[in-house]
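What the coordinates show
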Amino acid sequence: YFFTNMTVRVPLQNTSKYSTDFVYSFGYDDWHPGTFSLVYGNYNDNNRFFPETGAQKTRFEQGSWTFGYKFTLPKTVESALLINNDDALVCQVGYSYVPRYYSDASSTIKDNKNSLLGSCGYTLQQHYFLRLSAFYYPYKNQQQPWNYDYTYSFGYTSGYAGGSWSIYYGNYTGTRYPWRQNANANFSSGTINLSWNLPL
């Protein structure tokens, strides 16, 4: 369950200056309930293969370290929520730490960003899936305009072996709860992803 991952993005049209060239992550992540995970992820918009003169290709210290624990709901609750016997519902709680982060309010780099998270993922008939995640920032001033209160995704995957494919919608665009002063849903700002796993 140790892994490393890198995604390279090649735009097919002109994109925003905030679009990144690549993202990467690594760590330990066991998908079974009752297990712990520790994952580092860097999805910053300053990940560039060819940065401006004097700039770094990536800023490792601005990535996030997330410690999580996966679990299942009590059997009585799970049985009431599952549609089919072979469906699955796995949840996770976690803590995320970012050593250095960019503050929009002061246009400066600040230290030690903290957040808590909770999420649940439902798999229907081993192919269809829905995931909801919620985030809480103990220090309110650390939440930036692009930091979401919640995220969600849903879609279909044919499997996880080589030659399988998937299509899903995901929204990670600074969504806010309805009762927040800056409430938004930004459904149209989500992304539709189509992918295929190369058989090796």
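The rules behind each value
- Think of each chain on its own: its residues are numbered from 1, step by step along the sequence as written.
- Only residues with pLDDT of 70 or above have their local features reported here, since the model is predicted, and side-chain atom pairs are shown and tallied only from 80 upward, although totals for entire chains, interfaces and linings are computed over all residues.
- As a rule here, side-chain values come from all non-hydrogen atoms in the structure, and water together with hydrogens is ignored.
- Strands are treated as partners if at least two bridges between them are detected by DSSP.
- Helix and strand definitions here come from DSSP, where helices need a minimum of 4 consecutive H or I residues and strands a minimum of 2 consecutive E residues; each element is numbered from the N-terminal end.
- Each residue is placed in one exposure class: buried if its accessible area under a 1.4 Å probe, protein chains only, is under 20% of its type's maximum, exposed if it is over 50%, and partly exposed if it falls in between.

**Looking at the pairing of strand E9 (residues 165–171)**
Pairing analysis gives six bridges linking strand E8 (residues 150–157) to E9, with the strands arranged antiparallel. By the bridge assignment, Tyr152 is partnered in E9 with Asn171. Judged from the six bridges that link them, E9 and strand E10 (residues 191–196) form a sheet pairing that is antiparallel. From the neighbouring strand, Gly170 faces E10, where its bridge partner is Thr191.

**Describing unusual backbone geometry**
One non-glycine residue, Asn112, adopts positive backbone phi at about 60°. Tracing the sequence through the fold places Asn112 in strand E6 (residues 108–124). Judged by its relative accessible area of 39%, Asn112 falls in the partly exposed class. Phi angles above zero are rare outside glycine, and Gln125 is one such case at about 55°. The residue Gln125 is located in the loop between E6 and strand E7 (128–136) in this model.

As far as function goes, none of this settles anything; it's purely spatial.
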